[in-house]
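# Structural features, examined
Here is how the chains run, residue by residue.
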Amino acid sequence: MWKRLCITLIWVVVIVLAGVWVAGVDMSVIYPKGRIAIEQRDLFVLATLLMLIVVIPVFLLTLIISWRYRANNPKAKYTPDHDHNIWAEVIWWGIPFIIIVILGSVNWVASYKLDPYKPLAHKTPPLKIQVVALDWKWLFIYPEEKIATVNFLQFPADTPLDFEITADAPMNSFWIPELGGQIFAMPGMRTELHLIADTEGEFRGVSANLSGRGFSEMTFVARASSRGEYKKWVRRCQLSRKVLDTAAYEALRKPSENNLVQLFSLRDFHIFNHVIMHYMHPKETHDA
Amino acid sequence: MTHNALFGKLTRSAFEHGAIVMGAGILMLLIACAVIGFLTYTKRWKWLWKEWISTLDPKKIGVMYLIVVILMIFKGLIDAGMIRAQQALAVGAAQGYLSADHFQQIFTAHGTTMIFFVGMGIVFSVSNLLIPLQIGARDVAFPFLNSLSFWLFAAGFLLLNASLAIGDFSACGWVGYPPLSELEFSPGVGVDYWIWSVQITGIGSLFGGLNFFATIFKMRCPGMTFMKMPVFVWAMLATMVLILFAFPILTATLLMLSLDRLMDMHFFTASGGGNPMMYVNLIWAWGHPEVYILILPAFGIFSEVVATFSQKRLFGYVSMVWAIIFITFLSFIVWLHHFFTMGASANVNAFFGAMTMLIAIPTGVKIFNWLFTMHHGRIHFTTPMLWFLGFVFIFTIGGMAGVLLSIAPFDFQVHNSLFLVAHFHSVIIGGVVFGFFAGFTYWFPKFTGFVLDEKLGKWAFWLWITGFLLAFMPLYILGLMGATRRLSHYDAGTGWQPYFIVASVGVILITIGVGFQVLQVFHSWRWREKYRTDTGDPWNGRTLEWSTASPPPLYNFAHVPEVHERDAFWASKHRRSPIPPYEDIVIPKDTPIGMIIAAWSFVLGFAIIWQIFWLVAVSMLGLILSAIYRLSEKETEYVFPAKQVFRIEHGDRYAP
C-alpha cells in the first residue's frame, strides 16, 4: 500500500507539473492587475495559511497513525476500550474554533472593505460605466462620454471604475478576473461594482453565470490604456456613424451569438433606466 | 409549439434527434429489450412481480435503490466523460463534437443524475438496508410508504431517462435558475422534464425522510436509548431531520416554477411582478441542507468502518453526536453563500460567511475523532479503510477550498468558476462517493453472505484516487486562471487546454477504476463459494446488524435484541445466553400498490410535460383511486409462525 501511495503521488505531481509547464502559469486570480483583485488574492493566501495550521497536522497524523498502528505491528499499543480523553477533545474543538474566530473576523472586516458597492477612494474622479447583459453579448454605456460599445471596454488605468449593472436577458455575472470579483447582472435589478486597473493592459472579461445557448462566447476585452489614448478612443467612438438610440437598442437586444465589437455614439441617455424599468411596467414602455 | 387535444405538444419531431442522442436512446431500448427478453426466457416475470415489485421488505427495497444508483452512476459518468471530452477539444477554431445546447443538456443531466438519483439513492439505499438492522428492528415504521417512496424515486428516474428518447432535457443547469428556465427563454419541454422528474423523486424522498425519522424514533429495540445508538444511526437521524425540513421547500419551489411555465404565472419571471432572486434563495434554502443530507450518511458509514477495522471503540462518541447536531443546525443558516455575488450588503455576506466557516469546526472534530479511533488500535487496511484514508485527504482539501469560498470577497473571484466545481467534487466524490464505496464493501457480505475480492477492490481504489487527483486538481488551477464552469468552447489564448486534457485523462482512469469495481463484484459472485463467510461476521463487527445471519432472514431478528451499552454486539460476543423459545412474528403483506401509484405519477408527469390534458385527468384519477384502494384494505399483515422461524434459525435456512 505504501509503495502504491508513493507511486500515485509521484504520478499526479509529474502530470500536473507537466501541465503547468506546458500551459505556463497564467493564473489571473493569483497574479492580478488591480487593487481590488490584489486584496482578494491576499485574503486567499492568508486564509490558506491559517487553515494549514490544522490541515498539515491532520495529514501528518493520518500517515503516522496509519503506519504505527497497522495490524501487523505487534509492538504498537492496543487499547480496544479506550474511547475518550477530555483534553484531546478540548484541543480539537478549541484550536479550530480560535482559527475560525480569527478567520471570521478577517472575513467580516474584508466584507466591508471590499464591498463591491463601496466607491473607491482615489484622487482621480471615477469613470461611470453602465453594463447591460444581453442575449449573448455585453453592452457598455458611457453616459458621461456619450458613447456605447458592445463586447469591448476601454478605460484609463489608475482610474476608479463605477459599474452599474443590469440585464435584458437571463441572469449573467459580470467578471474581469484580473481586476477583481464578479457581480450578477439581473433583469429588472441594478447591481454595482467598483474596480480599478493599476497598470495598462488587456484583460479578459466574461459572463460567469449560465445564460443560454451563446453563453460560452459572451466574452469581452477590457483594455486599460493611458489617459491620452483613452481620450482619443472616446473621440473616435463619438464620431462613429453607428448611433445607439431606442431603435438601435431594440435591434441589439435580439438574441445573437459570437458578437463582434461594435462602437456607438450615444443618443438616448436613458437606455439603462429604460432597460430596468420596462420590467416594472412592461405594458407602458417596452411594448409601446 | 403546436398543441392538439389528443397528443398535447407531442409530435413526431420529439422523436427526432442527432446521432449521439439517437445512439443513447437506441442503446437504452436495446438494454430494455434484453432485460425483457431475459425475464421472459427464464420465466421470471412472476418471480419479479412477487419477490421484488410487490415487496415491502426494506432489505429488498434497499437493493432496488442500489440497482438504480449503480445504473445512474454509469449514466452520470458517461455524461462527465462527454463534458470533459468536449472541453478538451473545443478550443479556438475547433468547436468540439457537441452543440452548445446539447452540451448544456448534458451537464444539467449530469448534475441532476448525480445529486437526485445517485446521492439520494445512496442515502435511501443505506437507510433501508441498515437502519432497521442497526437499531434491532424487524421493519421500518411505515412499510407501505417505504415501497411508495422507492417507486416514486424509480418513476422520476424513468422520466429523466425518457427525455433522452422523447423530446429533450433542460439546458439550464441542475438548479435551473429563472428567468433562463422560464418559458420565455426555454420554450421547449426540457425544463418540464427536469421539474417533474425531480419533483416526483423529491416527494418520494420526503416520504422516505418521514418514514425513517419515525423508524429511528419509535422502533429502536429495548434498551437502545439515543446515546446508545450507533453513530451511523445518529447521522441518519440528522439526515432525516434535514430532509423533513428541506424537501418541502424544493417541492413548493418547483411547483411555483412549473405554474409559471404552465399557467403563465409570475412567481419568478423577470417581468409581471415576479422575482428570480426569490427562486435563487428558495432553491438554495433546500440546496444547502441537501449537501449535508448527502454527506452525513457518509460520515456515519466512516464512523462504523473506522471503529470496526481499528478493532476499537469509536473515539469521542458524545463529540461525534454533537458535531452531527451542530452541522444539522448550521446547514440551515448558510444558504446565502451560494450567491454572495447577487449584491447583498456587506453585513449579510459577512454573517453568512461566518456561519459557513463555523461548519468547519464540527467537521474537523469528526476527522480528529476518527484519527484517534485509529490511535492505539489494530488497523486492518482493507478496501473500506483505504476509501476512508482517501476521504480524509480529498475531503480535507475540498473543505479548505470550501472555507475559502465562504470568504465573500474572495468568493467574488471564484464564484461559478472551475475552482468551485473542483471544491464540490472534492467533498462529494471524496465524501459521499468514497463513503458509499466503503459502506458497499463493508456491508456487502451482510446481504450476500460472501465478501468482495480485496485485490480487485484495491486496484479500483488506486485507480480512482489517481484519476480523481488528475481530474480535479487541474480544475482548482483552472479556476484560479479565471475559467468559468459550463463552457462549451473557449479561446486558445486562455492556455486552458492542457489542464482540460489532464482532467480528461483523470476521467479515463476513474472509468477504468469503475471497470475494476464491476469486475470485482462479478468475480466475487462467480467464485462466491471461495469468498463465503460462514459466521456471517467477517470483519469482527461491533453493531447489531452483524448479530443476525448474513444474509438476514425476512424478519431480521428471531428474538428482538436487548441492548445495555454501545457497540452492543461487540459487548455480547463473549456472552452466550440460552436461546429463549421462538415467537410468532407479524409481518406486513406484500403489495404492488406502491408501484401502481408511482406508475400513475409517471404518467401524470409525462402528461403535464407534454400538456396532454385528458391524460392528466385520467392519471390523477388513477392515482387517487389506487390510494383509496390501499387505504381501505383491511388485512395488511400476516403472521410468520414460530415453527418456521425455528426451521430458518437452525440449519435449514432455505426452508419455504
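Just so you know, these numbers come straight off a predicted model, no measurement behind them.

## What to know about the overall build of chain A
The helix and strand inventory of chain A stands at 7 helices and 12 strands. Here the C-alpha atoms of chain A give a radius of gyration of 26 Å, more than 25% beyond the 19 Å that 2.2 N^0.38 yields for 288 residues. Dimensions along the principal axes, computed over C-alpha positions, put chain A at roughly 85 × 40 × 40 Å. In chain A, buried positions account for 40% of the 288 residues.

## Examining the pairing of strand β5 (residues 161–167) of chain A
Residue and element names in this part refer to chain A. Counting buried residues along β5, 5 of its 7 residues qualify, which places the element largely inside the surrounding structure. In the sheet, strand β1 (residues 127–134) pairs with β5 via 7 bridges, with the strands oriented parallel. Bridge pairing in β5 links valine 132 to threonine 166. Pairing between β5 and strand β8 (residues 191–195): 5 bridges, direction antiparallel. Each bridged residue has a counterpart across the sheet, and for isoleucine 165 the counterpart in β8 is threonine 191.

## Points about the sheet that holds strand β6 (residues 172–176) of chain A
Residues and elements named next belong to chain A. One open sheet holds the 5 strands; their spatial order is β4-β10-β9-β6-β7, and the pairing between them is mixed. The sheet is open, and its two borders are formed by β4 (152–156) and β7 (180–185), each paired with just one other strand. On average, each strand axis in the sheet is inclined to that of its neighbour by 20°, with strand direction left out of account. Pairing geometry for β4 and strand β10 (residues 220–225), over 5 bridges, is parallel. When the sheet's bridge partners are listed, phenylalanine 152 is paired in β10 with valine 221. Seen against the sheet, helix α4 (residues 227–238) touches β4 and β10 and runs at an angle of roughly 135° to β4.

## Describing the environment of His376(B)
Here His376(B) lies in the loop between α10 (346–374) and α11 (383–406). Separated by 79 residues in sequence, His376(B) and Pro297(B) place their C-alpha atoms 26 Å apart. Excluding its chain neighbours within four sequence positions, the residues that come into contact with His376(B) are Tyr69(A), Lys77(A), Tyr78(A), Thr79(A) and His82(A).

## A word on helix α14 (residues 454–480) of chain B
Residue and element names in this part refer to chain B. When the terminal C-alpha atoms of α14 are compared, their 39 Å separation across 27 residues agrees well with the 39 Å that a helix rising 1.5 Å per residue should span. Taking burial as the measure, the 27 residues of α14 include 23 buried ones, the bulk of the element. At the exit of α14 stands glycine 482, carrying a positive phi of roughly 90°.

## Points about the interface of chain B and chain A
Many analyses report the size of an interface as the accessible area lost when the parts associate. Between chain B and chain A, the contact holds 85 residues from the first and 83 residues from the second. Elements that contribute at least two residues to the side of chain B that touches chain A include exactly α4 (100–134), α8 (276–309), α9 (317–330), α10, α11, α12 (408–414), α14 and α15 (497–526) of chain B. Top contributing element to the side of chain B that touches chain A by residue count: α10(B), with 16 residues. Partitioned by chemical class, the residues of the side of chain B that touches chain A number 54 nonpolar, 26 polar and 5 charged.

## A closer look at the sheet that holds strand β11 (residues 243–244) of chain A
If you trace the 7 strands from one edge of the open sheet to the other, you get β8-β5-β1-β2-β3-β12-β11 (chain A), paired in mixed fashion. Each having just a single partner strand, β8 and β11 of chain A make up the two edges of the open sheet.

## Considerations on unusual backbone geometry
Put simply, Pro178(B) and Pro179(B) share a cis peptide bond, and its omega is 0°. Following Ser550(B), the chain continues into Pro551(B) via a peptide bond in cis, with omega recorded as -5°. Mapped onto the elements, Pro551(B) comes out in the loop between α16 (528–531) and α17 (568–572). Positive phi, close to 60°, is recorded for Lys146(A), a residue that is not glycine. Turning to its location among the elements, Lys146(A) is positioned in the loop between β2 (137–142) and β3 (147–150). According to the C-beta neighbour criterion, Lys146(A) is partly exposed, with 16 such atoms within 10 Å.

## Re the pairing of β6(A)
Walk down a regular strand and you will see the side chains alternate between the two sheet faces. Residues and elements named next belong to chain A. When you tally the buried positions in β6, you get 5 out of 5 residues, the bulk of the element. Of the two faces of β6, the one lined by Asn172, Phe174 and Ile176 and the one lined by Ser173 and Trp175 are each fully buried. Note that β6 and β7 share 4 bridges and pair antiparallel. Looking at β7, one finds that serine 173 is bridged to phenylalanine 184. Turn length for the β6-β7 hairpin, with the two strands adjacent in sequence and antiparallel, is 3 residues. As judged from the 2 bridges shared by β6 and strand β9 (residues 201–207), these two strands associate in the antiparallel manner. By the bridge assignment, phenylalanine 174 is partnered in β9 with serine 207.

## Brief notes about the nonpolar core
Counting 303 residues, the largest nonpolar core has Val131(A), Phe302(B) and Phe388(B) as the members making the most contacts within it. Considering each element in turn, this core owes the most residues, 21 residues, to α8(B).

## Focus: the packing of α4(B) against helix α6 (residues 190–218) of chain B
Residues and elements named next belong to chain B. For the pair α4 and α6, interaxial distance at closest approach is 11 Å and the crossing angle is 15°. When the interaxial angle is binned, α4 and α6 end up roughly parallel. The crossing of α4 and α6 is left-handed. Here Gln105, Thr108, Thr112, Phe116, Met120, Phe124, Ser127, Ile131 and Pro132 of α4 come into contact with α6, specifically with Gly190, Trp194, Val198, Thr201, Ser205, Gly208, Phe212, Thr215 and Ile216. In the contact of α4 with α6, the residues fall into 9 nonpolar, 9 polar and no charged.

## Focus: the environment of Ala235(B)
Residues and elements named next belong to chain B. Take alanine 235: it is sitting in helix α7 (residues 231–263). Taking the C-alpha atoms as reference points, alanine 235 and aspartate 590, 355 residues apart in sequence, are found 29 Å from one another. Ignoring sequence-local partners within four residues, the contact set of alanine 235 consists of Leu296, Pro297, Phe299, Gly300 and Ile324.

## Quick look at the environment of Leu206(B)
All names here are of chain B. Structurally, the position occupied by leucine 206 is in helix α6. A count of 19 C-beta atoms within 10 Å places leucine 206 in the partly exposed class. C-alpha of leucine 206 to C-alpha of phenylalanine 388: the two residues are 182 residues apart in sequence and 29 Å apart in space.

Criteria and thresholds
- Residues numbered from 1 in each chain as written.
- Chains lettered and ligands numbered in written order.
- Predicted model: local features only at pLDDT ≥ 70, side-chain atom pairs only at ≥ 80, totals over all residues.
- Helix = DSSP H or I, 4+ residues; strand = E, 2+ residues; numbered from the N terminus.
- Rg over C-alpha atoms; globule rule 2.2 N^0.38 Å.
- Buried ≥ 20, exposed ≤ 12 C-beta atoms within 10 Å, placed from the backbone.
- Pairing = 2+ DSSP bridges.
- Axes fitted to C-alpha atoms, helices over the stretch in contact; angles between N-to-C directions.
- Contact = placed C-beta atoms within 7 Å.
- Expected span 1.5 Å × (residues − 1).
- Nonpolar A, V, L, I, M, F, W, Y, C, P; charged D, E, K, R; others polar.
- Core = buried A, V, L, I, M, F, W, Y, C linked by C-beta atoms within 7 Å.
- Parallel < 35°, antiparallel > 145°, perpendicular 65-115°, else oblique.
- Left-handed = near helix turned anticlockwise from the far one by under 90°.

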